[in-house]
Amino acid sequence: MSEPLYVPVLPVRQHARMAYERLRPDIQASVAPLWNLPPSPGATPTQLGQAHWQKELRRVRGVHRRHPGWIDAPFAEAVQTPALAEILGECSALNHLLRPVTGPERDEAQQTAAMEIARRCGCGVGVRVRMPGEWDGAVAEAVGALLARVDREVPVDLLLDLGAVLPGRPDAGKEALRALDALVTPVGEWRTVAVLGGAFPHVTDDITRFGEPHEEPRADWDMWYEIRAARRERLSRLRYGDYGVQPPAALATEPGGGGPPWGVLRYTTDRSFVLCKVLNGGPDRTAGIRAAARKIRDLPDFRTAVASAGETWLRDCADGPMTDSEGTGTHTQWLWAGNVQHMTYVVRSLPGG
């Protein structure tokens, strides 16, 4: 089974699963998501078995019939480890395509559970190494100690997670190279090595005017080019990953609780993230959303309506009638359309895509 070109970090949420489903078959074949369960603070084992995300988790399992991915519970509490291990073990056992994830900072029980699932299912295990800032050389020792406990027959994937890589983090590429130099070859033999970093910026009340496209530079893409320009031979098969159209902090958001009275249409170009904020209520809602979709559709970098289901949705929304709100979308639709266009464009921009 060939390894992916692109590793998007996605929540186990409806909009993310719908986006993965709507990728064209050739694009989906190049994508291996790192799925993340949301936090369940204080939940007992029984409550975890009945958690609101269980239905969506079953659907995520269902869409991985042909291509691999990883499944993680990054917000698990220590007392929840046995129950979550059983839940994630069922995901991996179903078709051996969803691989469990652990990390050097996880407690021993969680590490042991992930490694046992990987051994039993023969699917391999992902090692998620978080690096929100500068590289800490002591982490390499912790990763080495973790790998020493993995059965030799179990394939292991390195997921170097930089989190947000925005313009305020200009040294991200150099720090990633330091981490990769310390972790690749000297520490372990990896089946997949992926750098996960970057995402659309967090949108606040004052980041942009309603209906006006706002562009933010793609610092994550600059980081990727810097890493590739280093031409490390052992990194020739390095994979790219990011957080898609939501900031990393969105993974920790529990569903429900409402949101702002506005939404965001998102688009990805080679050098920028384009955001267009729209009102999600009131008499001008329909006209405002359609006008915003037209402005994105009319961008010089818009890739035509047949580029992906995301562009198709934007075109249809832009061309819809002002007297009917059908097709103007909701937060869920805006997110899945944004993720589809983003994931499709990333795959096509990578060598081999």
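This text goes with the structure placed above it.
Every chain is numbered independently, its residues counted from 1 as its sequence is written. It should be noted that, the model being predicted, local features are given only for residues of pLDDT at least 70 and side-chain atom pairs only at 80 or more, the latter also being counted only at that level, while totals for whole chains, interfaces and linings use all residues. Side-chain measures were taken over the full set of non-hydrogen atoms in the model, leaving aside hydrogen atoms and water.

Caption draft 1: How the structure looks around the packing of aromatic side chains. Ring pairs shown here join Phe, Tyr and Trp side chains whose ring centres sit within 6.5 Å, with only the six-membered ring taken for Trp; geometry is labelled stacked below 30 degrees between planes, edge-to-face above 60, and tilted in between. Applying the stated criterion to the full structure yields seven aromatic pairs. Ring geometry for W224 and Y240: centres 5.3 Å apart, planes at 70 degrees, overall edge-to-face. Separated by 16 residues along the polypeptide, W224 in helix α9 (residues 219-229) and Y240 in strand β9 (residues 239-242) bring together distant segments of the chain. The pair formed by W224 and Y240 is uniform in burial state, with each residue classed as buried. Following the ring pairs from residue to residue traces out a cluster consisting of Y6, W221, W224, Y225 and Y240. Cation placement over rings: the criterion is NZ of Lys or CZ of Arg within 6 Å of the ring centroid and within 35° of the ring normal. Geometry around W221 places R218 over its ring, the cationic atom sitting 4.5 Å from the centre. For helices the rule is a DSSP run of H or I covering at least 4 residues; for strands it is a run of E covering at least 2, with both sets numbered from the N terminus onward. We call a residue buried when its accessible area falls under 20% of the maximum for its residue type, exposed when it is over 50%, and partly exposed in between, using a 1.4 Å probe and counting protein chains only.

Caption draft 2: Quick look at the packing of helix α8 (residues 172-183) against α9. Where helices are involved, their axes are fitted lines through C-alpha atoms of the stretch in contact, as for all axes, and angles between N-to-C directions lie from 0 to 180°. It is at 8 Å that the axes of α8 and α9 come closest, and there the two elements cross at 45 degrees. Judged by the inter-axis angle, α8 sits oblique to α9. As for how α8 packs across α9, the hand of that crossing is right-handed. Of the residues in α9, those touching α8 at A172, G173, K174, A176, L177 and L180 are M223, E226 and I227. Residue polarity follows a fixed list, in which Ala, Val, Leu, Ile, Met, Phe, Trp, Tyr, Cys and Pro are nonpolar, Asp, Glu, Lys and Arg are charged, and the others, Gly among them, are polar. Counted by class, the contact of α8 with α9 contains six nonpolar, one polar and two charged residues. For classification purposes, angles smaller than 35 degrees are called roughly parallel, those larger than 145 roughly antiparallel, those between 65 and 115 roughly perpendicular, and all remaining angles oblique. Handedness of each helix crossing follows the sense of rotation of the near helix against the far helix: counterclockwise by less than a right angle gives left-handed, clockwise gives right-handed. By the convention used here, residues are in contact when the closest approach between their heavy atoms is within 4.5 Å.

Caption draft 3: Local environment of helix α11 (residues 309-319). Taken as a whole, α11 has its buried residues at G310, E311, W313, L314, C317 and A318. The arc that holds every buried residue of α11, seen down its axis, measures 160 degrees, which confines them to one face. Those residues of α11 that are buried lie in contact with β10 (262-268), α10 (285-297) and α12 (331-349). Two N or O atoms count as a polar contact when they lie within 3.5 Å, although within protein this holds only if one can serve as hydrogen donor and the other as acceptor, and sequence-adjacent residues are included solely when both atoms are side-chain atoms. Its side-chain oxygen placed 3.1 Å from the backbone nitrogen of G310, S308 serves as the N-cap of α11. Along the arc lie the directions from the helix axis toward the C-beta atoms.

Caption draft 4: A look at the sheet that holds β10. Here, strands pair whenever DSSP counts at least two bridges between them. In spatial order, the strands read β8-β11-β10; together these three strands make up an open sheet with antiparallel pairing. Edge positions in the sheet fall to β8 (214-217) and β10, since each of these pairs with one other strand and no more. Averaged over all pairs of adjacent strands, the angle between their axes in this sheet comes to 30 degrees, without regard to strand direction.

Caption draft 5: Molecular detail of the sheet that holds strand β3 (residues 69-72). If you walk around this closed barrel you meet the eight strands as β1-β2-β3-β4-β5-β6-β7-β9, and the pairing is parallel. Adjacent strand axes in the sheet meet at a mean angle of 25 degrees, parallel and antiparallel pairs treated alike. Pairing analysis gives two bridges linking strand β4 (residues 98-102) to strand β5 (residues 125-130), with the strands arranged parallel. Across the sheet, the residue bridging to T102 is V127, located in β5. Where α8 meets the sheet, it contacts β5, β6 (156-163) and β7 (192-197), and its direction lies at approximately 155 degrees from that of β6.

Caption draft 6: Seen up close, the pattern of salt bridges. Whenever Lys or Arg places a side-chain nitrogen within 4 Å of a carboxyl oxygen from Asp or Glu, that contact is recorded as a salt bridge. Scanning the entire structure with this criterion turns up 22 salt bridges. Salt-bridge contacts for R106 lead to E105; the nearest nitrogen and oxygen are separated by 3.1 Å. Look at R106 and you get buried, because its relative accessible area is 13%. Put simply, D222 and R271 hold a salt bridge, and the shortest N to O gap is 2.5 Å. With a gap of 49 residues between them, D222 in helix α9 and R271 in the loop between β10 and β11 (272-279) connect regions that are remote in the sequence. Its relative accessible area of 35% is what places D222 among the partly exposed residues.

Caption draft 7: Structural detail: the pairing of β3. Burial along β3 is two-sided: G69 and I71 facing one way and W70 and D72 facing the other are all buried. Relative to β3, strand β2 (residues 34-36) runs parallel, the two sharing three bridges. Bridged to L34 within β3 is W70. Two elements, β3 and β4, share three bridges in a ladder whose sense is parallel. The residue of β4 that forms the bridge with W70 is R99. Seen with its strands pointing away from the viewer, a crossover is right-handed if its path from the first strand over the helix to the second goes clockwise. Remark: the β3/helix α5 (residues 81-95)/β4 crossover connection has right-handed handedness.

Caption draft 8: Structural view of the nonpolar core. To qualify as a nonpolar core, a set must consist of buried Ala, Val, Leu, Ile, Met, Phe, Trp, Tyr and Cys residues joined through side-chain atoms within 4.5 Å. Membership of the largest hydrophobic core comes to 88 residues, with the highest contact counts inside it found for W35, L160, L162, L180, W190 and L265. Looking at this core, the element that brings in the most residues is α12, giving seven residues. Here L162 is in contact with M131, P132, R169, A172, A176, V195, L196, G197 and M223, once residues within four sequence places are set aside. Counting residues in each nonpolar core, the second largest holds twelve residues, with V7, A32, L34 and A199 among its members.

Just distances and angles here, no functional claims.
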